[in-house]
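Observations on the three-dimensional arrangement
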Amino acid sequence: MVRAVQQVRVAVSLGVLALGACHRPARTTLTLSIAASLSETIGEIETQYKQTHGSVDFRNNFGGSGTLAKEIEQGAPVDVFLSAAAGPMDELQTKGLIETTTRHDLLRNTLVLIAPSDSPLQGFDGLTGKTVRHIALGDPGSVPAGLYGMQTLTALKLFDQVKAKIVLAKDVRQVLTYVETGNADAGLVYATDAQDDANVRVVAMALEETHMPIVYPVAVVGAGRESGAAEQFVEYLRSPAATAIFGKHGFTMAAW
């Protein structure tokens, strides 16, 4: 009799455990390829998102948008791509590698000329001076900020005069590091990269007419394995909660 009761208790316990396992939500990991200029911002948004979506984890890959797009073309397992320019996203769309219905322009930014905080540099014209030996610029072939920077220098008729001084970087964060450490006397980055950095100062803002519009498009990658969860997260990026975080870091929202 005692043994029978024990067996019933064990069976009930196993049933409760099984029932609990059935109701426990399966964990989902979203892999995001994100422009390097969003490295701090997106982390805050993900932390906030997980407060209401506790079963979702994130794996982030930051870098130059062109490089990230190439990785996706080569089969990298990515669920969401957030680019700092339309070009890399256009290439993926042309090749059928994103879900076009999920593509939207999410953010806007501004390009600025920066220098070390104690630099006497005044304006873009100062880049031609002898005191400026190295100018950090993202590689225009893979870094949108570098392309915008080259366009700006060309529009200001300065590129030919300063091209020998240009030091290419893999992304805007590396440009910022070069200027912070004094390895470059100036650099071109987004305003959002420079706004909270005490080691650099903004020398000048590039006028919008000197470069292509700075727009950050986002889309679900077609080959992603978590398309449903990815679409939910992309939608969340334009929510009031996410918008507030983007604004805190200096981004403005693009018309959806």
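Everything discussed here concerns the structure shown above.
Residues numbered from 1 in each chain as written. Predicted model: local features only at pLDDT ≥ 70, side-chain atom pairs only at ≥ 80, totals over all residues. Heavy atoms only, no water.

A short note on the sheet that holds strand E9 (residues 200-205)
Each strand in a sheet pairs with its neighbour through backbone hydrogen bonds, running either in the same direction (parallel) or in the opposite one (antiparallel). With mixed pairing, 5 strands are arranged side by side in an open sheet as E7-E6-E8-E5-E9. On the outer flanks of this sheet lie strand E7 (166-169) and E9, each paired with one strand and no other. If you compare each strand with its neighbour and ignore which way they point, the axes differ by 35 degrees on average. Here strand E5 (residues 111-116) pairs with E9 via 5 bridges, running antiparallel. When the sheet's bridge partners are listed, Ile-114 is paired in E9 with Val-202. Against the sheet, helix H7 (residues 172-180) touches E5, strand E6 (135-138), E7, strand E8 (186-190) and E9, its axis set at about 145 degrees to E8. (Pairing = 2+ DSSP bridges. Helix = DSSP H or I, 4+ residues; strand = E, 2+ residues; numbered from the N terminus. Axes fitted to C-alpha atoms, helices over the stretch in contact; angles between N-to-C directions. Contact = heavy atoms within 4.5 Å.)

Quick look at the nonpolar core
Core analysis: the largest hydrophobic core is formed by 54 residues, its most contacted members being Phe-124, Leu-127, Tyr-216 and Phe-246. With 5 residues, the single largest contributor to this core is helix H9 (residues 227-236). Apart from the residues within four sequence positions on either side, Phe-246 is in contact with Leu-38, Thr-41, Ile-45, Leu-106, Leu-107, Leu-237, Phe-251 and Met-253. (Core = buried A, V, L, I, M, F, W, Y, C linked by side-chain atoms within 4.5 Å. Buried < 20%, exposed > 50% of the residue type's maximum accessible area, 1.4 Å probe, protein only.)

Here's the deal with the pairing of E6
Here E6 shows a buried face lined by Ile-135 and Leu-137 and a second buried face lined by Ala-136 and Gly-138. Two strands pair when backbone bridges link them, and E6 and E7 are joined in this way by 4 bridges, in the parallel orientation. Counted as the bridge partner of Ala-136 is Val-167 from E7. Pairing geometry for E6 and E8, over 2 bridges, is parallel. Looking at the pairing, Ala-136 lines up with Gly-187 of E8.

Topic: the environment of Met-212
On the secondary structure map, Met-212 appears in the loop between E9 and strand E10 (215-220). Using a relative accessible area of 45% as the deciding quantity, one classes Met-212 as partly exposed. Measuring from C-alpha to C-alpha, the distance between Met-212 and Thr-152 comes to 9.0 Å, with 60 residues separating the pair along the chain. Aside from chain neighbours lying at most four places away, what touches Met-212 is Leu-147, Tyr-148 and Gln-151.

Quick notes on the packing of helix H2 (residues 39-50) against H9
Taken N-terminus to C-terminus, the directions of H2 and H9 make an angle of 115 degrees; their axes are 11 Å apart at the nearest point. Viewed along their axes, H2 and H9 adopt a mutual orientation that is roughly perpendicular. The element H2 and its partner H9 pack so that their crossing is right-handed. Between H2 and H9, the residues in contact are Ile-45, Glu-46, Gln-48 and Tyr-49 and Ala-229, Gln-232, Phe-233 and Tyr-236, respectively. Tallied by class, the residues present in the contact of H2 with H9 amount to 5 nonpolar, 2 polar and 1 charged. (Parallel < 35°, antiparallel > 145°, perpendicular 65-115°, else oblique. Left-handed = near helix turned anticlockwise from the far one by under 90°. Nonpolar A, V, L, I, M, F, W, Y, C, P; charged D, E, K, R; others polar.)

A word on the sheet that holds strand E11 (residues 252-253)
Spatially, 6 strands are ordered E2-E1-E3-E10-E4-E11 in an open sheet, and the strand pairing comes out mixed. On the outer flanks of this sheet lie strand E2 (56-63) and E11, each paired with one strand and no other. Across 3 bridges, strand E1 (residues 28-35) lies against strand E3 (residues 80-82) in parallel orientation. Residue pairing across strands places Ser-33 opposite Phe-81, the latter belonging to E3.

Description of helix H3 (residues 65-73)
Within H3, burial applies to Ser-65, Gly-66, Leu-68, Ala-69 and Ile-72. Relative to the axis of H3, the buried residues are bounded by an arc of 160 degrees and lie together on one face. Contacts from the buried residues of H3 go to E1, E2, E3, helix H4 (86-94) and helix H5 (144-155). Gly-75 sits one or two positions beyond H3 and adopts a positive phi of about 100 degrees. (Arc of directions from axis to C-beta.)

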